[in-house]
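What follows is each chain in one-letter form.
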Amino acid sequence: VQGCVVERLGVMRYRAVASPAFVARWFAHGLDDTTLGAAPCNVFNAKDALQARFLKLLSRKHLQPPQHRVPSTHGHIHAALHGLGWGMDPDALVQGLIERGELVEIAPGRHLDVVLHWQHWRLDSALMRALTGCVRRAAEAGGVVQFAGPGLGQCDDFPDRFGRHARMRCQDVR
């Protein structure tokens, strides 16, 4: 994009997960074209192609299972936990649930890696440098970027457009 800089941050791993009860109901005899085409899946929105990409890894057929639209990252995971369907969810958010047995992978060992990029204005400003630094550090730590207000620590101290100093906190959240 003209006037912008694009930096590769790394990859986010997604796993196909569902509740144990869902897997027992829909995949009791394993994964095949029939069960994969019939078992409902959870998608974020109409543009979410992760589930379709994953199905292409498992089948040569063009499968179109029933879909539930769940436009919330945490809602998507809760939908899987409550047996609404299976879905592709970030490893960082579901690993603990998998370890506790609350979610299971429908195809253990199979996953999708999505390349993440940080795109920002080429504008050289203290604010953009501070924000970009926070995003880079969070990506390097494998976490999620969270911003908070003054008094909660800081990632950088920078002047805003009015010359006032503001604090921004960048925290690694796992």
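Look above for the structure.
Just so we're clear, the structure is a prediction, and the values are computed from it rather than from any experiment. Counting of residues starts from 1 at the beginning of each chain's written sequence and follows it residue by residue. Given that this is a predicted model, residues contribute local features only at a pLDDT of at least 70 and side-chain atom pairs are listed and counted only at 80 or more, while totals for whole chains, interfaces and linings are drawn from all residues. Only heavy atoms go into the side-chain values, all of them from the structure, while hydrogens and water stay out.

Enquirer: Help me understand the overall build of the protein in this model?
Expert: Secondary structure assignment for the protein yields six helices and nine strands. Burial status follows relative accessibility: with a 1.4 Å probe on protein chains alone, a residue under 20% of its type maximum counts as buried, one over 50% as exposed, and anything between as partly exposed. Per-residue burial over the protein gives 34% buried out of 174 residues. Any two residues whose heavy atoms approach within 4.5 Å are treated as being in contact. Taking contacts inside the protein between residues at least 6 apart in sequence as the whole, the part at least 24 apart equals 71%. In these tables, accessible area is a Shrake-Rupley quantity obtained with a 1.4 Å probe, and a residue counts as shielded only by the protein chains included in the view. Carbon together with sulfur atoms contributes 53% to the accessible area of the protein, which is approximately 10,600 Å² in total. The helix count covers DSSP runs of H or I at least four residues long, the strand count covers runs of E at least two residues long, and both are numbered beginning at the N terminus.

Enquirer: Sorry if this is basic, but what is going on with the layout of surface pockets here?
Expert: Leftover empty space is mapped by rolling, across the atoms, a probe with the size of a water molecule. In this structure, the second largest pocket spans a volume of roughly 150 Å³. Points on a 1 Å grid, built from protein atoms alone, make a cavity when a 1.4 Å probe fits but cannot get out and make a pocket when they are open with protein on both sides within 12 Å along at least 5 of 7 lines; residues with an atom within 4 Å of a point are the lining residues. Lining the second largest pocket are 13 residues, with Ala52, Leu55, Leu63, Gln64 and Pro65 sitting closest to its centre. Elements represented by at least two residues in the lining of the second largest pocket include exactly strand S2 (41-43) and helix H3 (50-58). Classifying every residue of the lining of the second largest pocket gives six nonpolar, four polar and three charged. Grid points are joined across faces, edges and corners, and a volume is the space filled by probe spheres set on the points. Classification used: nonpolar for Ala, Val, Leu, Ile, Met, Phe, Trp, Tyr, Cys and Pro, charged for Asp, Glu, Lys and Arg, polar for all others including Gly.

Enquirer: Would you mind showing me how to read the pairing of strand S1 (residues 4-18) here?
Expert: Both faces of the sheet carry side chains from a regular strand, because those side chains alternate between them. Inspection of the sheet shows S1 paired to strand S6 (residues 111-121) by eleven bridges, in the antiparallel sense. Across the sheet, the residue bridging to Val5 is His120, located in S6. Here, any two strands with at least 2 DSSP bridges between them count as paired. In this sheet, strand S4 (residues 87-90) lies alongside S1 in antiparallel orientation, the contact comprising four bridges. Pairing of Val17 across the sheet is with Gly87, part of S4.

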